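Understanding the architecture of this molecule
The primary structure of each chain is shown beneath.
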Amino acid sequence: METLLMAYEVAEENDGAPGIDGVTFEDINAQGVASFLVQIQGELLGRTYVPLPARKQEIPKGDGKIPDPVDSGDT
């Protein structure tokens, strides 16, 4: 539980953004951090935790195009 709490505190201190599920630190704090972490710990220990897909954020480059990692021009 100590590791989960430390990870939570670091993410909160770094102004971590809500995940794809939209849950914010305010939501978790309102629910209670301890109960949230107990739930996550139970899912991890029970091997039932299924992370949601990561949010995708494309960042246009100087020429306005989004680079293709396969065609990086390094060949």
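In the block above lies the structure referred to throughout.
Residues numbered from 1 in each chain as written. Predicted model: local features only at pLDDT ≥ 70, side-chain atom pairs only at ≥ 80, totals over all residues. Heavy atoms only, no water.

**Thoughts on a negative patch on the surface**
Operational definition: Patch construction takes residues with relative accessible area above 30% that form no salt bridge. Like charges are linked within 9 Å, and nonpolar side chains (Val, Leu, Ile, Met, Phe, Trp, Tyr) are linked within 5 Å. Each accessible area is a Shrake-Rupley result for a 1.4 Å probe, and residues are judged covered by the shown protein chains and nothing else. Salt bridge criterion: a side-chain nitrogen from Lys or Arg within 4 Å of a carboxyl oxygen from Asp or Glu. Lys and Arg are tallied as positive, Asp and Glu as negative. Neither His nor the chain termini are counted. Lys charges are placed at NZ, Arg charges at CZ, Asp charges at CG and Glu charges at CD. In this text, helices come from DSSP runs of H or I with a minimum length of four residues, and strands from runs of E with a minimum of two, each type numbered from the N-terminal end.
On the surface, Glu9, Glu12, Glu13 and Asp15 cluster together into a negatively charged patch. Structurally, the position occupied by Asp15 is in the loop between α1 (2-13) and α2 (25-31).

**As for helix α3 (residues 33-45)**
For the record, the criterion: Given a helix with a known number of residues, its expected span is that number minus one, times 1.5 Å. The classification of residues rests on relative accessible area computed with a 1.4 Å probe and restricted to protein chains. Under 20% of the type maximum is buried, over 50% is exposed, and intermediate values are partly exposed. By construction, the arc corresponds to the directions joining the helix axis to the C-beta atoms. Should any heavy atoms of two residues lie within 4.5 Å, those residues are considered in contact.
Between its first and last C-alpha atoms α3 spans 18 Å; for 13 residues at 1.5 Å apiece the expected length is 18 Å, and the two agree. Here α3 has its buried residues at Phe36, Leu37 and Ile40. Viewed end-on, α3 has its buried residues packed into an arc of 90°, placing them on one side of the element. For α3, exposure combined with an orientation more than 90 degrees from the buried face picks out Ala34 and Leu45. As for α3, its buried residues are in contact with α1 and α2. Directly beyond the C-terminal end of α3, a positive phi value near 55° is found at Arg47.

**As for the packing of aromatic side chains**
This is how it is decided: Centres within 6.5 Å are what make two rings of Phe, Tyr or Trp a pair, Trp counting through its six-membered ring; a difference in plane orientation under 30 degrees is then read as stacked, over 60 as edge-to-face, and the rest as tilted.
Under the definition given, this model contains 2 aromatic pairs. Pairing Tyr8 with Phe36 gives two aromatic rings, centres 6.4 Å apart and planes at 55°, and the pair type is tilted. Note that Tyr8 is positioned in helix α1 and Phe36 in helix α3, a separation of 28 residues in sequence. Taken together, the ring pairs in this structure connect Tyr8, Phe25 and Phe36 into an aromatic cluster.

**Focus on unusual backbone geometry**
A positive phi is found at Asp15, a non-glycine position, where the angle reads about 55°. Of note, the phi angle at Arg47 is positive, near 55°, even though the residue is not glycine. By secondary structure assignment, the location of Arg47 is in the segment after α3.

**Some points on the layout of surface pockets**
In this approach, a probe sized like a water molecule rolls over the atoms, and the result shows the empty space that is left. What counts, and what does not: Residues are said to line a cavity or pocket when one of their atoms sits within 4 Å of a point; the points come from a 1 Å grid over protein atoms alone, cavities being sets where a 1.4 Å probe fits but cannot get out and pockets being open sets with protein on both sides within 12 Å along at least five of seven lines. Grid points are joined across faces, edges and corners, and a volume is the space filled by probe spheres set on the points. Each residue is assigned to one class: nonpolar for Ala, Val, Leu, Ile, Met, Phe, Trp, Tyr, Cys and Pro, charged for Asp, Glu, Lys and Arg, and polar for all the others, Gly among them.
In this structure, the largest pocket occupies an estimated 710 Å³ of space. Contributing to the lining of the largest pocket are 26 residues, with Asp21, Ile28, Phe36, Ile40 and Tyr49 lying nearest its centre. For the lining of the largest pocket, the elements supplying multiple residues, two or more each, are α1, α2 and α3. When grouped by side-chain class, the residues that make up the lining of the largest pocket number 19 nonpolar, 5 polar and 2 charged.

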